[in-house]
Amino acid sequence: MALPIGARSIRQWFLLFVLLSVVFNFTFFLSKSTKEHLLSAADEPLAQQSTTANEQLHQHQNSFNACFSVNSPEWLQGARMGNVNDSSLLDLDILPPLSQRLDSFGHDYFLQDLLDQSICADGSRFRQFTDQQELQSMDAITDAAIIKQWTMRLVYWSMHYHQTRHARREAKHRQEQASKGIDCYPPASTVGPYDYECSNAKYIAIGLSSPIGLGANVRLGMINGYLHALIADRIVIWVNDSPVGSEEFLQVPWAQVSCDDGKRARRDTQCFFMPSTPCVLTEQDLEQAYFLTKEEADSMYDHGIPPAGHENDKVWQVRLYYWNQGHTPRLAAERLRNHSYSLIEEHFTSANDQFKKLLYQAADNILTPDPPRSGHSYPAANTKAHHALAVYALRPRRDKAKQMKDLLEDLKARNSIDSEFSVGLPVRASDKCDAESDCLTFQQHIEATKLVWSKFSQAQNISLSSTAAMPSIIFTTESTAMVRDQQNFSTNNPNFPFQIASNIHDVNPDTGYITSAASTISRDASLLSAITTLQFQLLARVTLANCCSNFHILLGDLLSAGCGAAPVNDFQCFLELEDPNFWMCCQWLVTCADDKRAALEKWNSNSSVR
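Residues numbered from 1 in each chain as written. Predicted model: local features only at pLDDT ≥ 70, side-chain atom pairs only at ≥ 80, totals over all residues. Heavy atoms only, no water.

Q: Tell me what's going on with the pairing of strand β5 (residues 422-427), and back it up with residues and numbers.
A: Within β5, six of the six residues are buried, which leaves the element mostly enclosed by the surrounding structure. Pairing of β5 with strand β6 (residues 472-477), which is carried by six bridges, proceeds in the parallel orientation. When the bridges of β6 are listed, Val-427 appears paired with Thr-477. Of the pairings in the sheet, the one linking β5 to strand β8 (residues 542-545) comprises two bridges and is parallel in character. Of the residues in β8, the one forming a bridge with Gly-424 is Thr-543. (Buried < 20%, exposed > 50% of the residue type's maximum accessible area, 1.4 Å probe, protein only. Helix = DSSP H or I, 4+ residues; strand = E, 2+ residues; numbered from the N terminus. Pairing = 2+ DSSP bridges.)

Structure below.
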């Protein structure tokens with residue numbers, strides 16, 4: 001039925017109203033959704049950033065809690081005297097990785113890695129294990145040289161074990177966290193990669209002396225500190241430039257260094273050398289330390305008697321007096337022997353019985369008294385434990401070791417040195433000549449070196465024509481005057497039958513006391529130069545030294561420990577030469593001047609007959 005005109009009109013208007021309403025509502029909904037979507041898109045980065053930051057903070061806190069759950073709040077929150085923040089120092093320097101690698105000797109590579117931290121020459125007896133077949137023979141067990149070399153290694157390893165054993169539980173725990181993918185040392189971490197609480201450890205804090213040279217610091221300072229620690233069964237920690245402790249010596253900077261690289265705020269041994277221990281004290285620990293009197297320190301060193309009433313104090317402060325020790329105290333030797341037993345049982349589990357027998361013999365050899373050195377027997381000249389401890393004391397930080405390696409490689413490239421056909425000639429002149437020692441001219445040094453090589457080559461049946469290369473004189477000195485004399489000599493003697501190889505990287509401070517040259521030469525540069533010089537001199541087969549110098553006899557200690565590049569080393573003092581014209585008398589050898597005069601009269605009398 002058709003609708004009337006008016007009804008149709010009303011219906012059309014109604015349909016139009018409904019249609020417009022639908023369109024309006026859809027448009028409103030669409031615009032609202034779009035706006036919300038756009039607002040959400042604009043806000044999303046901020047939300048994500050906030051969520052990411054919170055997640056990172058939460059993750060860092062979880063990692064921190066996981067890594068350091070075995071540490072006390074007092075240590076974590078206290079003012080710690082942390083080790084140098086060096087990422088190359090890891091828990092792997094404390095104990096082997098969870099999955100050990102074994103070599104053909106049945107020991108893990110952890111021990112080899114420790115030997116390679118030393119400044120000993122590549123391929124040296126100290127770092128290079130003897131041939132396995134030779135070790136398995138009966139001759140090896142009776143070979144004094146092989147037993148001595150293993151004794152040196154065991155002393156070195158044992159000192160490391162003594163200094164790190166209290167950190168092993170924490171190091172293992174951190175290794176376990178690392179195996180789970182947890183980073184214990186993110187940039188924001190307040191605990192360094194070589195900082196450990198060592199809750200059961202007790203310490204001896206020692207400040208190293210400033211107004212003496214490097215050789216005396218090591219031979220008379222560090223080695224005595226190690227011996228004190230072994231006797232007392234405590235960890236030794238070198239403390240210099242400390243904010244707390246005895247103002248008299250613990251707060252004094254170690255003058256051998258300046259930390260020019262900015263890696264450490266305070267001046268101590270860690271500017272150049274590896275930390276003495278991963279165990280870290282708090283400032284409160286050091287403030288509460290007991291200071292041993294000289295009588296108490298002597299009683300502890302000589303008899304193992306701790307200071308009454310302070311036996312269990314966490315930290316002792318001990319002042320060293322830098323005296324010469326010619327022997328290893330029995331209590332220290334026994335501690336090293338016992339540590340050696342522990343290391344053999346832990347690290348040589350799969351070694352054959354013959355090899356283990358050799359190792360235990362080497363450990364027992366630590367207790368064997370050292371005979372005096374033939375010829376000029378200066379203090380500790382033949383003391384094997386002291387020599388191995390000197391090697392341990394001189395372990396450079398890995399970044400410094402890299403610098404030294406680069407310098408040494410450059411020196412090798414400039415000079416074709418065959419270690420079997422070389423004489424080491426370290427010359428100590430400058431301020432040493434003012435009071436402590438007689439000194440010779442450069443020409444006299446050369447004449448003495450020619451005589452030493454002549455005697456050596458005759459004994460070895462070596463002729464200059466039989467060598468493929470010209471024999472070398474490895475010449476080093478702190479004296480600029482001696483460098484000039486050497487350069488003039490080389491210019492004026494083009495047919496001299498030796499190659500003179502010199503350390504062109506030496507800063508030549510004209511003193512053995514780094515402090516004295518600090519106004520013109522960086523202390524760090526002087527120390528780098530001195531240690532590189534030691535490494536350079538380790539290349540020689542025969543060494544002729546001024547044994548009035550602790551630096552020179554420190555070189556002798558390293559050679560005795562097996563650090564030289566040659567299979568065998570012959571270290572001689574000028575005082576031991578047959579011709580007394582070359583004798584250099586030390587200030588403290590009270591009869592030397594008279595002995596030299598008498599020897600010269602006899603020598604000159606015989607010369608007239610000859």
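Q: I'd like to hear about the side chain of His-160, residue by residue, with values.
A: Looking at where His-160 falls in the secondary structure, it is placed in helix α6 (residues 144-164). Classification of His-160 by relative accessible area gives buried; the value is 3%. In this structure the side chain of His-160 is engaged in a polar contact, spanning 3.2 Å, whose partner is the side chain of Tyr-392. Residues contacting His-160, with those up to four places away along its chain left out, are Asp-93, Ile-94, Phe-110, Leu-114, Tyr-194, Tyr-392 and Arg-395. (Polar contact = N/O pair within 3.5 Å; in protein donor to acceptor, adjacent residues only side chain to side chain. Contact = heavy atoms within 4.5 Å.)

Q: I'd like to hear about the state of the cysteines, residue by residue, with values.
A: On inspection of all chains with the given rule, the structure shows eight disulfides. Sulfur-sulfur distance for the disulfide between Cys-120 and Cys-563 comes to 1.9 Å. Of the two residues, Cys-120 sits in the loop between α3 (109-115) and α4 (132-135) while Cys-563 sits in the loop between α18 (550-560) and β9 (570-573), which places them 443 residues apart along the sequence. Across this residue pair, the class does not change: Cys-120 and Cys-563 are buried. (Disulfide = S-S within 2.5 Å.)

Q: Would you mind going over the sheet that holds strand β1 (residues 203-206) in detail, with residue names and values included?
A: Strand order in this open sheet of four strands is β2-β1-β4-β3, and the pairing throughout is parallel. One side of each edge strand has no neighbouring strand; the edge strands of this open sheet are β2 (235-238) and β3 (290-291). In the sheet, β3 pairs with strand β4 (residues 315-317) via two bridges, with the strands oriented parallel. By the bridge assignment for β4, Tyr-290 is matched with Trp-316. Sheet strands touched by helix α8 (residues 214-232): β1, β2 and β4. Its angle to β2, the strand with the most contacts, is close to 150°. (Axes fitted to C-alpha atoms, helices over the stretch in contact; angles between N-to-C directions.)

Q: Run through the packing of aromatic side chains, naming residues and quoting values.
A: All chains considered together, the criterion is met by 19 aromatic pairs. Taking the centre distance of 5.5 Å and the plane angle of 80° together, the rings of Tyr-156 and Tyr-392 count as edge-to-face. One end of the pair, Tyr-156, is in helix α6; the other, Tyr-392, is in helix α13 (residues 384-393), with 236 residues separating them in the sequence. Each member of the pair, Tyr-156 as well as Tyr-392, is classed as buried. Centroid distance Phe-272 to Phe-273: 5.1 Å. Interplanar angle 70°. Geometry classified as edge-to-face. By relative accessible area, Phe-272 is classed as buried at 2%. Here the aromatic residues Phe-126, Tyr-156, Tyr-226, Trp-238 and Tyr-392 are joined through ring pairs into a cluster of three or more. Across from the ring centre of Trp-75, 4.9 Å away, lies the NZ or CZ of Arg-80, which sits over that ring. Directly above the aromatic system of Tyr-321 lies the positively charged group of Lys-294, at a separation of 5.4 Å from the ring centroid. (Phe/Tyr/Trp six-rings, centres within 6.5 Å; stacked < 30°, edge-to-face > 60°. Lys NZ or Arg CZ within 6 Å of the ring centre and 35° of its normal.)

Q: Describe the environment of Asn-83, naming the residues involved and giving the relevant values.
A: With respect to the helices and strands, the residue Asn-83 is situated in the loop between α2 (73-77) and α3. On the accessibility criterion, Asn-83 (11% relative accessible area) is buried. For the pair Asn-83 and Leu-281, spaced 198 residues apart in sequence, the C-alpha to C-alpha distance is 9.7 Å. At 2.9 Å, the side chain of Asn-83 forms a polar contact with the side chain of Gln-270.

Q: Which residues make up the side chain of Ser-242, and what values go with them?
A: For Ser-242, the location among the structural elements is in the loop between β2 and α9 (283-287). Note on Ser-242: relative accessible area 5%, which makes it buried. One polar contact links the side chain of Ser-242 to the main-chain carbonyl oxygen of Val-244, over a distance of 2.6 Å. Not counting residues up to four positions away in its chain, the partners in contact with Ser-242 are Met-81, Leu-250, Gln-251 and Leu-286.

Q: An account of helix α15 (residues 442-459) is requested, with residue identities and associated values reported.
A: Its 18 residues place the ends of α15 26 Å apart at the C-alpha level, agreeing with the 26 Å of an ideal helix rising 1.5 Å per residue. Of the positions making up α15, those classed as buried are Phe-442, His-445, Ile-446, Ala-448, Thr-449, Val-452, Trp-453, Phe-456 and Ser-457. Buried residues of α15, viewed axially, fall in a sector of 165°; they line one side. Facing away from the buried surface of α15 by more than 90 degrees, the exposed residues are Lys-455 and Gln-458. Of the surrounding elements, those touching the buried residues of α15 are β5, β6, α16 (480-492), β7 (499-502), β8 and β9. Just past α15, the residue Asn-461 takes up positive phi, approximately 60°. (Expected span 1.5 Å × (residues − 1). Arc of directions from axis to C-beta.)

Q: Explain the packing of helix α11 (residues 330-347) against helix α12 (residues 353-364) residue by residue, including any values.
A: It is at 9 Å that the axes of α11 and α12 come closest, and there the two elements cross at 165°. On the basis of the axis angle, α11 is roughly antiparallel to α12. Seen along the crossing, α11 lies across α12 with a hand that is right-handed. Between α11 and α12, the residues in contact are Arg-337, Ser-340, Tyr-341, Ile-344 and Glu-345 and Leu-359, Tyr-360, Ala-363 and Asp-364, respectively. A per-class count over the contact of α11 with α12 returns five nonpolar, one polar and three charged. (Parallel < 35°, antiparallel > 145°, perpendicular 65-115°, else oblique. Left-handed = near helix turned anticlockwise from the far one by under 90°. Nonpolar A, V, L, I, M, F, W, Y, C, P; charged D, E, K, R; others polar.)

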